[in-house]
Amino acid sequence: MFAHSTKRRRLAGVLLGGSVATVLALTGCAGPGGAAGTPTPKAVATQADIDAALQEDTTLQFWAWGPQYQAEVDAFMKEYPKVKVVLTNNGSNATEYTKLQNVIKAGSGIPDIAQIEYTALPQFAFGDSLVDMAEYGVASMEDKFSSSTWNQVNVNGGIYGLPQDAGPLAMFYRQDVFDQYGLTVPTTWEEYYETAEKLHAADPSKFMAADGGEAAFTNAMIWQAGGKPYAAEDTDVTVDLQDEGSLKWADMWTPLVQEDLVEQTPTFTPEWTSGLSAGKYATWVGGAWAAGTLQRRIPEAAGTWRVAPLPQYEAGDTASGEQGGSSSAVLDASENKLAAIGFVQWMSSADEAAKIWTDNGGFPAQAATLASDDWLNAEIPYFGGQQINQVFAASADGVLPGWQFLPFQAYADSVYSDTMGQAYASKGDLADGLKAWQGNIVDYGNSQGFSVNK
Amino acid sequence: MTASTLDAAVRRSPVPNPSAARRRKNRRRFIGWGFLAPFLVVFVFALAAPIVYAIYLSFFQDRLVGGNVFAGFDNYVAAFQDPKFYSALGRVVLFFFVQVPIMLALSLFAALALDSARLRWPALFRITLFLPYAVPSVVAALMWGFIYGTDFGLVGNLNSFFGLSIPDPLSSNLVLAAMGNIATWAFLGYNMLIMYSALRTVPKELYEAADIDGAGAFQVIRAIKLPALRSAFVVALIFSVIGSFQLFNEPNVLRTLAPNTIATNFTPNMYAYNLSFAGQQFNYAAAIAIVMGIITMIVAYVVQTVGVRKEDR
């Protein structure tokens, strides 16, 4: 407690006179999420306070797993030599969240900043584990980001992270396989199915895609189909995996599973990688980050892959969804909130940071980068010189608004294989699988004290 | 040894004063505890405390909304009504009844073969069968996961090289058998060693007597070796009970390769693990773990009593 207050005094001492009182008020009433949910957030610090904090000797602990973050951290420390950022990789997504949850529960070893995907952001925001950055005036940064990513860091009226990357959906396909079997690139899901039939009939060892049934993919596809299965306001949660969009996707995808036109191989397994490399799968529907994954995982397949817009339900539409994408969030337990927010602001929006991000194969969430000619017109040799960013940018524009994740999405996703997985394994109706999944989610939510579908 | 030297010291003492004797007696009692202390500290902190803490946890419910509340036996009631728990339990029971007899029969055969002194290089034979036990079980599961791959693994290579169509070992019908195979591979040598060491304690005179009586090899096995093995066999069986009921590493590692056929509640241990780490349901997981521990203890106890009783007969 004593160490705590001296730190506060020291911090206060360096700040401009006028803001001292507000900063003290902030650290004093650290009651988490005090302003969460209130429509007009009260400002507890100004941008000047944040800038000043970046000129102080500070060490920030940062948890992230993306391959781009080390370069970002290095560049940041060059620009702000007084701030030391220690980057720790605590495993990808679910692994990191489990560790994060454990340290938050234990109350020690909590990092200042963490990479948190949009799917998990509501969960940590709901647990009052994250700083509502709206209180620090970041709302003015809205136009720096694409609208779909900005929408996703908004949880219950607060801003719990700044967008770092995004995963607008696109269809990656093997040009060589398409050429070999005389296939044309499908633009609608109906054509996609017909192409899949043709390919599998011509060579039964080839499949239109690999899909072992995964929550992230299912959510993204339901998103594109116009479904809004999850909604949460405080503790009132609605789960409807039988809504129009969810069933639209299930009806479209079920035949592909039932007729073995997609192979049930989980992504990121050795089986899957070798299949991708050998041209066993003609397409991969995934987030824009998949471009980086392909280049890193199967460099030997350079020149064979191309990118096309996501097939549509109605010819001529441009609807899209997102799979993946991360924000950078500041933990409520951090004792260096101002510097941490300053770092996150720099990493998510500074021009230099954006350039490092895209140079290292990251997909940008910044509106300026998404609209810049340099980026849009870049010809990527791996994809035969195709300007793939144009496809992604168009997809980002087409992302349907209004999507939400559950405040316990990590758990919901973890039981996906128990329910939807059974539908996949038995080649049943995916709509039934969705129904069983929903049952599991509803039970869990209610047992955790939420009021789900009540 | 300590007790006897102390006794001697007391006996030699010439003072018959009763209060002094009591004092000495008290001191004697504390000295005993002193010798026990190093073990006791480790026992309390490493064994007793975690169990007590798990029991304590199992009486609460920590919810995302509403926080931590005392729940009495609610978690236990829920566990006994949980179909997911029963399906997990049923699976390990099936595993126990199929895998354990096969493994122990093979171990027995290997131990008898080793003891028969008819093998050319017994040391090589022994070390080869025992070696898999030295492989950490996570590594073993990973290794077998690669072998089982139908595309890039050994199964895939066999299929493409010989034009076979070996079914996917990780499909829902075969996945439990695939795990049984891994467990058998890993523990065959271990059980063999337990039985072999029991066989080595058989006095040579018995074999000589059998020789004189003109008993054949199979008669020797039936009349001398198997009875001598019985207690070692019971020990191996108890270890196998515990091993089967605690099945975790194999399904947990293979789950990344076959998420749809290996559910989060594939075995009771996996269920408890996933409840606490994916669902943050520590309390319910603690209740499941305790129920499972008690069930395992009961089964192990039954195996032991039945085994020992047979020995007495």
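What you are looking at is a predicted structure, and each value in this text was computed from that prediction instead of being measured.

Trainee: Honestly, the overall build of chain B in this entry has me stumped. Any pointers?
Mentor: A count of helices and strands for chain B gives 13 helices and two strands. The contacts of chain B with a sequence gap of at least 6 include a subset with a gap of at least 24, amounting to 65%. Per element, the accessible surface of chain B, about 18,400 Å² overall, is 68% carbon and sulfur.

Trainee: Honestly, the interface of chain B and chain A in this entry has me stumped. Any pointers?
Mentor: Listed as interface residues are 24 residues of chain B and, on the opposing side, 30 residues of chain A. The contact between chain B and chain A buries some 2,300 Å² in all, and 49% of this surface belongs to carbon and sulfur atoms. Sorting the residues of chain B by area buried against chain A places Leu64, Val65 and Asn260 of chain B first, and these three jointly supply 27% of that buried surface. For the pair chain B and chain A, the number of links is one salt bridge. In this structure, the salt-bridge partner of aspartate 62 of chain B is lysine 105 of chain A, at a minimum N-O distance of 2.5 Å.

Trainee: Is there a simple way to explain the UniProt feature "domain: ABC transmembrane type-1" (unreviewed entry) in chain B in this structure?
Mentor: When the UniProt feature table is mapped to this numbering, "domain: ABC transmembrane type-1" (unreviewed entry) covers residues 89-303 of chain B. For residues 89-303 of chain B, helix accounts for 76% and strand for 0%, while the C-alpha atoms at its two ends are 18 Å apart.

Trainee: I would appreciate a short explanation of the pattern of salt bridges in the present structure.
Mentor: Between side chains of opposite charge, a pair can form when the charged atoms approach closely. Residue and element names in this part refer to chain B. Under the criterion given, the structure shown has seven salt bridges over all chains. With a shortest N-O distance of 3.6 Å, aspartate 115 and arginine 200 are connected by a salt bridge. Taken together, the positions of aspartate 115 in helix H4 (residues 83-115) and arginine 200 in helix H8 (residues 175-200) put the pair 85 residues apart, joining distant regions of the chain. Put simply, lysine 225 and aspartate 115 hold a salt bridge, and the shortest N to O gap is 3.1 Å. Of the two residues, lysine 225 is situated in helix H10 (residues 217-245) and aspartate 115 in helix H4; the sequence distance between them amounts to 110 residues. Salt bridges sharing common partners tie together Asp115, Arg200 and Lys225.

Trainee: Can you help me understand the domain arrangement of chain A in this one?
Mentor: Buried accessible area, meaning the area lost when the parts come together, often serves as the stated size of an interface. Residue and element names in this part refer to chain A. Partitioning chain A into structural domains gives domain 1 (2-165 + 325-371) and domain 2 (169-321 + 390-452). Counting residues at the interface gives twelve residues for domain 1 and 19 residues for domain 2. Both sides together, the interface formed by domain 1 and domain 2 hides about 1,400 Å², and carbon and sulfur atoms give 62% of it. For the pair domain 1 and domain 2, the interface holds zero salt bridges.

Trainee: For this particular structure, what's the right way to read the sheet that holds strand S12 (residues 283-287) of chain A?
Mentor: Picture the strands of a sheet paired through backbone hydrogen bonds; they go either parallel or antiparallel. Residues and elements named next belong to chain A. In space, the three strands of this open sheet follow the order S12-S7-S13, with antiparallel pairing throughout. Unpaired on one side and paired on the other, S12 and strand S13 (305-308) mark the two borders of the sheet. Neighbouring strand axes in the sheet, compared pairwise and without regard to direction, differ in orientation by 30 degrees on average. Inspection of the sheet shows strand S7 (residues 169-174) paired to S13 by four bridges, in the antiparallel sense. Bridge pairing links tyrosine 173 to arginine 306 in S13. Across the sheet, helix H12 (residues 270-278) lies against S7, S12 and S13, angled at about 60 degrees from S7, the strand it touches most.

The rules we used
- Residues numbered from 1 in each chain as written.
- Chains lettered and ligands numbered in written order.
- Predicted model: local features only at pLDDT ≥ 70, side-chain atom pairs only at ≥ 80, totals over all residues.
- Heavy atoms only, no water.
- Helix = DSSP H or I, 4+ residues; strand = E, 2+ residues; numbered from the N terminus.
- Contact = heavy atoms within 4.5 Å.
- Areas by Shrake-Rupley, 256 points an atom, 1.4 Å probe, with all protein chains shown as cover.
- Buried area = accessible area lost by both parts, 1.4 Å probe.
- Salt bridge = Lys/Arg side-chain N within 4 Å of Asp/Glu carboxyl O.
- UniProt positions renumbered as here; feature names shortened; annotations may be inferred.
- Domains from an automatic or database assignment.
- Pairing = 2+ DSSP bridges.
- Axes fitted to C-alpha atoms, helices over the stretch in contact; angles between N-to-C directions.

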